[in-house]
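Okay, here's what each chain looks like letter by letter:
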Amino acid sequence: MSSPGEEAAEPGTCAPVELEAIGEEIISVTIGATVPTGFEHTAAEEVKEKIGVDARVSKDRGRIYFPITTDKLFQVHLLRSVDNLFVVVEEYDHYQFKDSKEETLAELQQLASKLPWTSALQVWKQNRALKKKKGHRRGGKAKPNGEASDSAVADAAEQEQEQPQAVAADEGLTKTESAPESGACEQDSEKAAPEAKPIKFRVTCNRAGDKHSFSSNEAARDFGGAVQEFFQWKADMTKFDIEVLLNIHNEEVVIGIALTEESLHRRNISHFGPTTLRSTLCYGMLRLCKPQPSDIILDPMCGTGAIPLEGAIEFNSSFYIAGDNNDMAVNRTVNNVCHIQKRRADKGSTPGLPIDTVQWDLCKLPMRTSSVDIIITDMPFGKRMGSRKKNWDLYPSCLREMARVCRPGSGKAVLLTQDKKCFSKAISRMGGLWRKLHTVWVNVGGLHAGVYLLKRTGAIHFFKYWLK
């Protein structure tokens, strides 16, 4: 960690005229990633497993940091648990803000010329080149401004470009206004004029904490003005090449450069519903239950199929059954599965997925007793879907039916709900059929929800079968 007054690299080494001259040599940098709140340690485990380095969980919930060398930049884009990626320019663990707003903003302006930008800009340049290579590999046509996405870099891991969407902020987080077209890197033309195009940029400030004398917009405005003056870049809030991030959490300050132009969590879904789960959150839920080869995994309230789709792509040695009582939800799931299969076929890959979709009554599942290894689902919160009143009848009924089809002694369930009171009461009425192992508290669209890991006990219970 640096101190606020510490001098950094020589000013001017990263001016626009020298940006193209930054080399492709391998360097070591720190990567920051935003992850679903509550699943920071799950994301850190994935980083250790797939990249082989230790990740540090930030004090600001929903972020992790880890070191890499730039030859592993492609692997970073293949992580399934991260929403957005950025390269760290500098970070301060205990930044001493001035008492007055004017002094603080003046110090932020001075900070812009003292930061060691060179390595981060080199990573940004390599990341853009990586994205272009992947774009050519996918079809040889450059995407127009506003559509190019770094999620294309991870297409080999079934990442897909979707329309930009602002990431939901954690509770208590203030964020500068985002442009509707989030992150549009302009494609360099092969027939570019001899004169270099001016670099376009914007600064986004994410601020959390109630002891700051300034707003996010004020910090972004003044720090951005200093960045513009230092580099002579052109400010553009919509069609920018570089997004500079100013993340402030109490006394922790991190300056970074974005490597993704939109959140990677929308990678699998083409047909969205009113409560579609983020693919990154689905991945975290799946890791909790540790799917094994040949496991039968059931999502009895599949919605758009986000959970079984993520599982079928990432943990493809298991078999997934997705069901819902709503015909529109079933249709969305089928369309999303077909979308992934078509994309695979277009790339010449095997289009098949280990997943099947059914319409059914959740409380009368057309499945044999003790036939399922894992149940994983997003239960109705009683807000956008259903109601709290209905949950008092629904939760006990579905938990009992889940216990019937789940294997006694070895079966598991991972259930997401925000209706914590109703869920706890329903579990207590199950006669010892389920045992709570672990709870992960997560933020789902600003709602404080729980992901509950349950173990199916060996208790035998008389089940009223769905057949009358």
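Criteria and thresholds
Residues numbered from 1 in each chain as written. Predicted model: local features only at pLDDT ≥ 70, side-chain atom pairs only at ≥ 80, totals over all residues. Heavy atoms only, no water. Helix = DSSP H or I, 4+ residues; strand = E, 2+ residues; numbered from the N terminus. Expected span 1.5 Å × (residues − 1). Buried < 20%, exposed > 50% of the residue type's maximum accessible area, 1.4 Å probe, protein only. Arc of directions from axis to C-beta. Contact = heavy atoms within 4.5 Å. Polar contact = N/O pair within 3.5 Å; in protein donor to acceptor, adjacent residues only side chain to side chain. Pairing = 2+ DSSP bridges. Axes fitted to C-alpha atoms, helices over the stretch in contact; angles between N-to-C directions.

**Q** I'd love a proper account of helix H9 (residues 327–346), names of residues and values included.
**A** In a regular helix each residue adds 1.5 Å, so 20 residues correspond to 28 Å; H9 covers 28 Å between its end C-alpha atoms and thus fits that length. Within H9 the residues assigned to the buried category are Ala329, Val330, Thr333, Asn336, Val337, Ile340, Arg343 and Arg344. Within H9, the buried residues cover an arc of 160° as seen down the axis, which keeps them to one side. Within H9, the exposed residues directed more than 90 degrees away from the buried face are Lys342 and Asp346. Those residues of H9 that are buried are in contact with helix H8 (306–314), strand E11 (319–324) and strand E12 (355–359). The N-capping residue of H9, defined by a side-chain oxygen 2.7 Å from the backbone nitrogen of Met328, is Asn326.

**Q** Just give me the short version of helix H2 (residues 40–50), but keep the residues and values in it.
**A** Regarding H2, the residues found buried are Glu40, Thr42, Ala43, Ala44, Glu46 and Val47. The elements touched by buried residues of H2 are strand E2 (56–57), strand E3 (63–69) and helix H7 (279–289). Gly52 lies just past H2 and shows a positive phi near 85°.

**Q** Which residues make up the sheet that holds strand E16 (residues 447–456), and what are the values?
**A** Strand order in the open sheet formed by seven strands is E12-E11-E10-E13-E14-E16-E15, with mixed pairing between adjacent strands. The open sheet has two edge strands with one neighbour each: E12 and strand E15 (434–444). The sheet shows a mean angle of 20° between the axes of neighbouring strands, taken without regard to direction. One ladder, built from two bridges, connects strand E10 (residues 296–299) with strand E13 (residues 374–378); its direction is parallel. Looking at E13, one finds that Ile297 is bridged to Ile374.

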